[in-house]
Amino acid sequence: MSESKLFKAIAIGAIAGAVISMFDRKTREHTIEATKKVKERVVYYANNREELQQIIDQKVEAAQKIYVNASENINTIVSKIEEVKEIPDSVQTIVKETKSELNKPEHLN
């Protein structure tokens, strides 16, 4: 119940803020210009749906490429992390082998 009051209060506050901001002439003019531009674009793309579809397809393709690149980068990073995790074992093995070689009787003289 209190959640619905919160969202109602937020909505009322946003509306009140928008109305109050319209008292400023520059804000009002900017809002009117922006609204006109949006209207023009909506009308243009409503009449040129093929162009809109091409733009959407290009954006989807670009997003897919970004996703693939990010996935490859993540896989590379995970692979490198696994390699780094194996380094202590490798170093430990090398140290043991070196110790055993140095402790052989022919190296002690």
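Numbering of residues begins from 1 in every chain and follows the order in which that chain's sequence is written. Given that this is a predicted model, residues contribute local features only at a pLDDT of at least 70 and side-chain atom pairs are listed and counted only at 80 or more, while totals for whole chains, interfaces and linings are drawn from all residues. Side-chain calculation: all heavy atoms of the structure are included, whereas hydrogens and water are not.

Novice: Lay out the environment of Asp24 with the relevant residues and their values.
Specialist: Within the fold, Asp24 resides in the loop between α1 (2-21) and α2 (25-47). Residue classification places Asp24 among the partly exposed positions, given a relative accessible area of 41%. Distance from Asp24 to Lys65, taken between C-alpha atoms, is 44 Å for residues 41 residues apart in sequence. In DSSP terms, a helix is any run of H or I states spanning at least four residues, a strand is any run of E spanning at least two, and both are numbered starting from the N terminus. Each residue is placed in one exposure class: buried if its accessible area under a 1.4 Å probe, protein chains only, is under 20% of its type's maximum, exposed if it is over 50%, and partly exposed if it falls in between.

Novice: Explain the pattern of salt bridges to me, and be specific about the residues and the numbers.
Specialist: When a carboxyl oxygen of Asp or Glu is within 4 Å of a side-chain nitrogen of Lys or Arg, the pair counts as a salt bridge. Here the structure, examined in full by the defined rule, presents 4 salt bridges. Of the charged contacts in the structure, one is a salt bridge between Glu61 and Lys65, with a shortest N-O distance of 3.6 Å. Within this pair, Glu61 and its partner Lys65 are both found in helix α3 (residues 49-102), separated by 4 residues, close to a single helical turn. With relative accessibility at 44%, the residue Glu61 sits in the partly exposed group. A salt bridge links Lys85 to Glu82; its shortest N-O distance comes to 3.7 Å. Linking Lys85 with Glu82, this pair stays in helix α3, spanning 3 residues, or about one helical turn. The class of Lys85 is exposed, set by a relative accessible area of 55%.

Novice: Report on the confidence of the model for the protein chain, specifying residues and quantitative values.
Specialist: The pLDDT averaged across the protein chain works out to 89; a share of 94% of its residues lies at or above 70. pLDDT gives the predictor's per-residue confidence on a scale running from 0 to 100. Averaged pLDDT values for the elements of the protein chain fall to 62 in helix α4 (residues 105-108) and rise to 96 in α2.

Novice: Before we move on, can you summarise a nonpolar patch on the surface with the specific residues and values?
Specialist: On the surface, Ile15, Val19, Ile20 and Phe23 cluster together to form a nonpolar patch covering roughly 460 Å² of accessible area. Its location among the elements puts Val19 in helix α1. Residue classification places Val19 among the partly exposed residues on the basis of a relative accessible area of 48%. Here, patches come from residues exposed beyond 30% relative accessible area and free of salt bridges, joined within 9 Å for like charges and within 5 Å for nonpolar side chains (Val, Leu, Ile, Met, Phe, Trp, Tyr). Only the protein chains shown count as cover for residues, with accessible areas throughout obtained via the Shrake-Rupley method and a probe of 1.4 Å.

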